[in-house]
Amino acid sequence: MDDLPLELVLELGKHLAAPDLVSCCAVSRHCRSIFNQDVLWKRHCRQDLAEYLRTTSCIVEPVFVSPEPESSTLDPICDWWLAYMRENHLWNNWRTGNYKSEVFLNRLYEECRVVIPPSQSDRVQYDWNFHADVFRDYLALLYEERIELWDMTADPAVRISVSKYYLPSFVFKSFKCVGKNLDIIVFNYLTGTQVFRLNEVTKNIELQHMFYFDEDEELLIHTESQARAMFEFQHMHPLPSIAIVGSLYLGVIRGTSRNLHVWDLETGKKLKEEPCPRDIPNSFIQIGSSSTSEDVILVVTQVGRGRVNRRMSDVQSGESIDVLDYHFYIYSPKRLTFLPFTKSCIACRGYACAIHRQYVAICEGIDLNIFNYAKSELIYTMTIFLTGIDVVDNGIVFVDRSRFRLFNPSVNPPARELTLHNVELLYFKLICGNFLLFRKDEMGVPTELWEAGRVLRRTRTELPKESDTTRANKTCTKLVVKEDIMVDRRLVVTIRHFW
């Protein structure tokens, strides 16, 4: 090692995992000075998390402290190695179920009721019909007539604002926190979209823009009647598919239009209306996105009927069935253009897809293919009876009945598998980072939290069986759990602090 040029050693270090770097630093003082470099450690950290953990006090015991005493004669730990230690401390709290729990709300239904004056209504309105979500480090409580913000950094949480605004309950779960500073809230119903921004002074949520994404201009006058009309329930309506990347909003109307609409949520301006690369009649369009990619995947589906005898391993040759033609494209919101990658296939059992960094997974029937779409290169293929797919920080996760698989392009081999005790896994969803919530039986609800990291493992963090809402903040330091306990007719909302 001493005879190798420093530049070569650093280049080798870029291919090492974080535990390997730790081992190298423990060899000798000389090795520590070589591998104690920000350029080596930065790639193992989440860039958006490092500054937050550095400037936010840890309240969960044991609190994080630097493992190196001030009296140490060794070289000081570099900033990004220390950032990695903080991040690992946070993840260890998730793994071990070490958190500080705060009961935010614990009431019977009857205790939550609000009596409306007779002049306004002759009925009793129960205030338990609300949605709990996370907006930065604020708990957002959405009611049909108001939005409440609670500061979760205070102990206990403190209400900091109440913004009067009408939101029908069926749009609650369209809530999205987006933007460069995560200060924008978006609600949408059909093609109607309402954009709010946090006033940093008053802490109120203020309406900024209203638009129908298939039109050319935003609504310049924001009246209460217009807002109510935009979110008025409709039985017959066009089905939208939307994705938000940063502060860019992308929308298509499934089945009636073949144009992609792109809006800037910061300015409320429409940037582009882009036709699909292939004009296919009787088509159905859908958009897919993830938090780990700056691009989105556009899927165009065409219905056909014919005799299938090729490229379909799950159908007998010559069998006459309904088939679908699928065409996959990658769109770059940053460049406002479609990328060269395309993929077409036919299948009768539907499709599934996911996008992660420069990789896209496409499952047609029982055939799973993973491409590096930046190079239009097939890098992995397998046969799978897919029952679920999602994206975590490390890669793409698949569920094949009782088998859980992870495709992580940063390790070799990139695919790993875990058998879940031969239990039929019905449902799973991403909570934050690499942590997933699992449901294993028809009668239950998700109660197990698993980590899809370098090792696939179940954590000691468990959730109550009655939880119907679980939301984590962007930095994964807080988790909001809402329980609707029907037996006791009770509502419980808790805040779990992991840092």
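Residues numbered from 1 in each chain as written. Predicted model: local features only at pLDDT ≥ 70, side-chain atom pairs only at ≥ 80, totals over all residues. Heavy atoms only, no water.

**Student:** When you look at the pairing of strand β24 (residues 388-391) in this model, what are you seeing that I'm missing?
**Tutor:** Put simply, side chains in a regular strand alternate between the two faces of the sheet. As paired strands, β24 and strand β25 (residues 396-400) are joined by four bridges and run antiparallel to one another. Paired with Gly388 across the bridge in β25 is Val399. (Pairing = 2+ DSSP bridges. Helix = DSSP H or I, 4+ residues; strand = E, 2+ residues; numbered from the N terminus.)

**Student:** I tried to follow the environment of Asn369 on my own but got confused; where do I start?
**Tutor:** Relative to the assigned elements, Asn369 resides in strand β22 (residues 367-372). Its relative accessible area of 12% is what places Asn369 among the buried residues. Expressed as a C-alpha distance, the spacing of Asn369 and Thr381, which sit 12 residues apart in the sequence, is 4.5 Å. The contact partners of Asn369, leaving out residues within four places of it in the chain, are Val360, Ala361, Ile362, Glu364, Leu378, Tyr380 and Thr381. (Buried < 20%, exposed > 50% of the residue type's maximum accessible area, 1.4 Å probe, protein only. Contact = heavy atoms within 4.5 Å.)

**Student:** Looking at this structure, I do not really get unusual backbone geometry. What am I missing?
**Tutor:** Peptide bonds are mostly trans, and most non-glycine residues show a negative phi. The omega torsion of the bond from Glu61 to Pro62 falls at -5 degrees, within 30 degrees of zero and hence cis. Tracing the sequence through the fold places Pro62 in the loop between α5 (47-55) and α6 (79-96). Geometrically, the link from Asp155 to Pro156 is a cis peptide bond, its omega value of 0 degrees lying close to zero.

**Student:** So what exactly am I meant to see when it comes to the sheet that holds strand β34 (residues 490-497) here?
**Tutor:** Within a beta sheet, neighbouring strands are joined by backbone hydrogen bonds and run either parallel or antiparallel to one another. With respect to topology, four strands assemble into an open sheet ordered β1-β34-β33-β32, the strand pairing being antiparallel. With one partner strand each, in any of the chains shown, β1 (100-108) and β32 (467-472) form the two edges of the open sheet. Strand-to-strand twist of the sheet, defined as the mean angle between neighbouring strand axes without regard to direction, takes the value 15 degrees. Bridge count for strand β33 (residues 478-485) against β34 is eight bridges, and the pairing is antiparallel. Paired with Leu479 across the two strands is Arg496, which belongs to β34. (Axes fitted to C-alpha atoms, helices over the stretch in contact; angles between N-to-C directions.)

**Student:** Just checking my understanding: could you explain the packing of aromatic side chains for this structure?
**Tutor:** Two aromatic rings, taken as a pair, are described by how far apart their centres are and by the angle between their planes. Counted according to the given criterion, the structure contains 28 aromatic pairs. Ring centres of Phe170 and Phe233 lie 5.6 Å apart, and the angle between their planes is 70 degrees; on these two criteria the pair is classed as edge-to-face. Taken together, the residues Phe170 in the loop between β7 (158-164) and β8 (176-178) and Phe233 in the loop between α7 (224-230) and β12 (239-245) connect sequence positions 63 residues apart. Here the aromatic residues Trp91, Trp94, Tyr99, Phe435 and Phe498 are joined through ring pairs into a cluster of three or more. Positioned above the aromatic ring of Tyr143 is the side chain of Arg146, whose terminal nitrogen or guanidinium carbon lies 3.7 Å from the ring centre. Of note, Arg228 hangs over the ring of Tyr166, and the distance from its end group to the ring centre comes to 3.9 Å. (Phe/Tyr/Trp six-rings, centres within 6.5 Å; stacked < 30°, edge-to-face > 60°. Lys NZ or Arg CZ within 6 Å of the ring centre and 35° of its normal.)

**Student:** Just to check I follow, could you spell out the nonpolar core for this structure?
**Tutor:** Soluble globular proteins tend to pack their nonpolar side chains together in the buried interior. Judged by nonpolar contacts, the single largest core of 40 residues is most densely connected at Phe35, Trp41, Leu90 and Trp94. Broken down by element, this core gets its largest block of residues, nine residues, from α6. Within the second largest apolar cluster, 23 residues are counted, among which are Phe135, Leu149, Phe175 and Met230. (Core = buried A, V, L, I, M, F, W, Y, C linked by side-chain atoms within 4.5 Å.)

**Student:** Where do I start with the packing of α5 against α6 in this structure?
**Tutor:** When two helices pack together, their arrangement is given by the angle between the helix axes and by the axis-to-axis distance. Interhelical geometry of α5 versus α6 gives an angle of 85 degrees and a closest axis separation of 9 Å. Relative to α6, α5 is oriented roughly perpendicular. Residues Gln47, Leu49, Ala50, Leu53 and Arg54 of α5 lie in contact with α6, whose contacting residues are Trp80, Ala83, Arg86, Glu87, Leu90 and Trp91. Residues that form the contact of α5 with α6 fall into these classes: seven nonpolar, one polar and three charged. (Parallel < 35°, antiparallel > 145°, perpendicular 65-115°, else oblique. Nonpolar A, V, L, I, M, F, W, Y, C, P; charged D, E, K, R; others polar.)

**Student:** Which parts of the structure should I look at to understand the environment of Thr301?
**Tutor:** Within the element layout of this structure, Thr301 appears in strand β17 (residues 296-308). According to the relative accessible area criterion, Thr301 is buried, its value standing at 8%.

**Student:** What should I look at first to understand the side chain of Ser290 in this one?
**Tutor:** Checked against the element boundaries, Ser290 lands in the loop between β16 (283-288) and β17. By relative accessible area, Ser290 is classed as buried at 16%. A polar side-chain atom of Ser290 sits 3.2 Å from a polar atom in the side chain of Thr292. Among the polar contacts listed, one links the side chain of Ser290 to the backbone oxygen of Ile355, at a separation of 2.7 Å. With sequence-adjacent residues up to four places away left out, Ser290 is seen in contact with Ile355, His356 and Val391. (Polar contact = N/O pair within 3.5 Å; in protein donor to acceptor, adjacent residues only side chain to side chain.)

**Student:** Would you take a moment to explain the environment of Gly288 for this structure?
**Tutor:** When you line up the elements, Gly288 lands in strand β16. Separated by 67 residues in the primary sequence, Gly288 and Ile355 have C-alpha atoms spaced 7.5 Å apart. Those residues in contact with Gly288 that lie beyond four places of it in its chain are Val296, Ile297 and Ile355.

**Student:** It is not clear to me how the side chain of Arg86 should be interpreted in this structure. Could you clarify?
**Tutor:** Residue position: Arg86 is located in helix α6. Asp79 is the oppositely charged side chain nearest to the buried, salt-bridge-free Arg86, at an N-O distance of 7.1 Å. Those residues in contact with Arg86 that sit more than four places away from it in its chain are Leu53, Arg54, Phe64 and Trp499. (Lys, Arg positive; Asp, Glu negative; His and termini not counted. Salt bridge = Lys/Arg side-chain N within 4 Å of Asp/Glu carboxyl O.)

**Student:** Hey, could you run me through the sheet that holds strand β23 (residues 377-383) in this one?
**Tutor:** The sheet built from four strands is open, its strands ordered β20-β21-β22-β23 with antiparallel pairing. In the strand order of this sheet, the two ends are held by β20 (351-356) and β23, each with one partner. Recorded for the sheet is a direction-independent mean angle of 15 degrees between the axes of neighbouring strands. In terms of strand pairing, β20 meets strand β21 (residues 359-364) through six bridges, oriented antiparallel. Of the residues in β21, the one forming a bridge with Tyr351 is Glu364.

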